[in-house]
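Commentary on secondary and tertiary structure
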Amino acid sequence: MPRDKSPIGKTLRRPAELAAAGLVPPTALPDLERVAASFAVAVTPAMAELIDPTDPADPIARQFVPDARELEVRDGELADPIGDGPHSPVKGIVHRYRDRVLLKLVAACPVYCRFCFRREMVGPGADGLSPAELDAAIAYIAGNPDIWEVILTGGDPLVASPRRLAEVVARLDVIPHVEVVRIHTRVPVVDPDRVTPDLVAALKAPRVATWVMLHSNHWREITDEARAAIGRIVDAGMPMLAQTVLLRGVNDDAGTLARTFRALVAARVKPHYLHHGDLAKGTAHFRTTIAEGQALMRELRGDVSGLCQPTYMLDIPGGHGKVPLTPGYVEPGPDGSLTVTDPHGRRHAYPV
Ligand SMILES: *Cc1c(COP(=O)(O)O)cnc(C)c1O
Ligand code: SF4
C-alpha cells in the first residue's frame with residue numbers, strides 16, 4: 001500500500017481520509033467507522049507526516065490512528081475516569097483541590113489521542129463555553145479567594161483564537177487572588193505552526209505568571225518545528241513543563257522514556273508528571289500495570305539526569321485525586337533503623 005507522497009495539507013478526520021493517506025488499510029474501514037462514531041478522530045498534517053506507514057508498531061500512529069480494539073470496553077473502565085463531573089460547580093469549572101481549578105474553555109483538540117481520559121467529553125460535537133457560560137465560570141473564580149491557580153484545559157485551549165485567549169487571560173489577571181495561569185496543551189508538538197507570535201503574546205498578562213504544560217509522549221514528537229514552537233514560548237518568559245502518559249507500545253520501555261525526557265529537557269521543557277493510564281473506555285490495550293511503571297521509574301533513576309525524572313502519578317478513579325506512585329526506596333530496618341535501596345538495587349542501613 002504505497003503512501004501518497006504529496007504533503008498532507010489538512011487534518012485527517014475520517015477513516016476514509018486515513019485510508020487515502022495510506023495510514024490504515026482499506027479493509028479496516030468498517031471497524032474504524034464504528035470507532036469514529038464513538039470517539040472523535042483527528043490527525044494533524046504534522047503528525048500524519050511523522051508516521052512511518054511501513055512500521056506496524058509506529059508510536060505516533062498508535063497514539064492518533066484509530067484501532068478496532070477501542071471497541072472493547074473492559075470491566076472497570078469509566079466514561080469519566082478521573083471524576084470531573086462530581087467536582088464541577090458551574091459549567092467549564094472543575095474544582096477538586098482547594099487552591100486550583102480547571103477552566104475548560106473549549107472541547108476541541110487539534111488531534112484526538114486514542115487513549116484520551118476525557119474522550120467522552122471532547123470532540124467536534126462537544127461545545128465549549130458560550131460567552132455567558134464563560135462569564136459565570138470567571139465569576140466563580142473571582143468569588144473564591146482560595147483559588148490561586150487557574151488551569152486552562154479542555155480540550156486544548158490553544159485551539160482558541162489569540163483574541164479569545166488574550167481576553168480570558170486578561171480577565172484572570174485582574175482577579176487579585178489568582179497568581180498563576182497554567183495552560184495544558186499538545187499544540188506545540190502536534191501543530192507547531194499554530195504557535196505564532198500573536199498566540200504567544202495572548203498567553204501573557206502584566207501580573208499573573210503563565211506556565212505552559214506540554215503533553216508529549218515520545219521523543220519523535222520533538223521535531224525541529226516543535227522545538228522552535230517551544231522556543232517561542234520559553235523565550236517569551238513562560239516556563240514549560242511536560243506531562244507524559246505511560247502507554248503500552250508507545251513509550252513503555254526505559255530507553256524510550258529516557259530519550260523522550262532528554263528530548264524535552266534539551267528543548268527546555270521539564271518533565272513533570274508521568275501519568276499511569278486512566279481507565280477510559282476502550283483503552284485497555286494502552287495500559288501497563290502499576291508494577292511495570294514503577295519498575296521503569298527505578299530503571300531511570302541513577303543513570304539518567306535528575307532533570308529528566310518526572311513523578312509517576314495515578315489519578316484515583318472516581319475523582320479522589322492524584323497521588324504519586326513513586327517506587328519505595330525506604331523501608332523499616334532492624335532496631336528502628338531504616339533500610340534504603342540505592343539506584344543499583346543495593347540496600348543500605350540508615351540510622352535514625
Ligand atoms: C490534575 C488536576 C489538577 C492539577 O493537579 P496538579 O497536581 O497541580 O497538576 C487540578 N484539578 C483537577 C481537577 C485535576 O484533575
Ligand atoms: S490532547 Fe488531551 S484532551 Fe485532547 S484528545 Fe489528547 S489527551 Fe484528550
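Our structure's up above, just so we're on the same page.
The paragraphs below set out a description of the structure included in this document. Because the structure is predicted, anything quoted here is derived from the model rather than measured.

Lining the immediate environment of ligand 1, one finds Ile82, Val94, Arg96, Tyr97, Arg100, Leu102, Ile151, Arg182, Tyr273 and Lys322. Note that an oxygen atom of ligand 1 is positioned 2.7 Å from one of the side-chain N or O atoms of Arg100. Broken down by secondary-structure element, the contributors of at least two residues to the shell around ligand 1 are β1 (93–97) and β2 (100–104). It is β1 that contributes the most residues to the shell around ligand 1, three residues altogether. Taken together, the residues of the shell around ligand 1 break down into six nonpolar, no polar and four charged.

Let us look at the packing of helix α5 (residues 131–142) against helix α6 (residues 162–173). The contact between α5 and α6 brings their axes to 11 Å, and the two run at 25 degrees. Relative to α6, α5 is oriented roughly parallel. Where α5 crosses over α6, the handedness of that crossing is right-handed. Mapping the contact onto sequence places Leu134, Asp135, Ile138 and Ile141 in α5 and Glu167, Val168, Arg171 and Leu172 in α6. Here the contact of α5 with α6 is built from residues that sort into five nonpolar, no polar and three charged.

Most of strand β5 (residues 209–215) is tucked away, with five of its seven residues classed as buried. Here strand β4 (residues 180–185) pairs with β5 via six bridges, running parallel. Each bridged residue has a counterpart across the sheet, and for Val180 the counterpart in β5 is Ala209. Note that β5 and strand β6 (residues 240–245) share four bridges and pair parallel. Residue pairing across strands places His215 opposite Gln243, the latter belonging to β6. The parallel pair β5 and β6 is bridged by helix α9 (residues 224–235), and the resulting crossover is right-handed.

What follows is about the site of ligand 2. Close contacts around ligand 2 come from Cys109, Val111, Tyr112, Cys113, Cys116, Arg186 and His215, and that covers them all. The residue makeup of the shell around ligand 2, split by class, is five nonpolar, one polar and one charged.

To continue, consider the packing of aromatic side chains. What the rule picks out here adds up to one aromatic pair. Positioned over the ring face of Phe39 is Arg119, at 3.6 Å from the centre of the ring. In this structure, Arg259 packs its charged tip against the face of Trp219, placed 3.5 Å from the ring centre.

Let us now look at the pattern of salt bridges. Applying the stated criterion to the full structure yields 25 salt bridges. For Lys10, the salt bridge goes to Glu17, with nearest N and O atoms at 2.9 Å. Classification of Lys10 as partly exposed rests on a relative accessible area of 47%. Exposure remark for Glu17: the relative accessible area of 17% places this residue in the buried category. The partner of Arg119 in a salt bridge is Glu70, with the nearest N and O atoms 2.6 Å apart. With Arg119 in the loop between β2 and α5 and Glu70 in the loop between α4 (59–64) and β1, this pair connects stretches of sequence that are 49 residues apart. The same class applies to Arg119 and to Glu70, which are both buried. Each of Lys10, Arg14 and Glu17 takes part in a single network of salt bridges with overlapping partners.

Quick notes on the rules
- Residues numbered from 1 in each chain as written.
- Chains lettered and ligands numbered in written order.
- Predicted model: local features only at pLDDT ≥ 70, side-chain atom pairs only at ≥ 80, totals over all residues.
- Heavy atoms only, no water.
- Near = heavy atom within 4 Å.
- Polar contact = N/O pair within 3.5 Å; in protein donor to acceptor, adjacent residues only side chain to side chain.
- Helix = DSSP H or I, 4+ residues; strand = E, 2+ residues; numbered from the N terminus.
- Nonpolar A, V, L, I, M, F, W, Y, C, P; charged D, E, K, R; others polar.
- Axes fitted to C-alpha atoms, helices over the stretch in contact; angles between N-to-C directions.
- Parallel < 35°, antiparallel > 145°, perpendicular 65-115°, else oblique.
- Left-handed = near helix turned anticlockwise from the far one by under 90°.
- Contact = heavy atoms within 4.5 Å.
- Buried < 20%, exposed > 50% of the residue type's maximum accessible area, 1.4 Å probe, protein only.
- Pairing = 2+ DSSP bridges.
- Right-handed = clockwise from strand over helix to strand, strands pointing away.
- Phe/Tyr/Trp six-rings, centres within 6.5 Å; stacked < 30°, edge-to-face > 60°.
- Lys NZ or Arg CZ within 6 Å of the ring centre and 35° of its normal.
- Salt bridge = Lys/Arg side-chain N within 4 Å of Asp/Glu carboxyl O.

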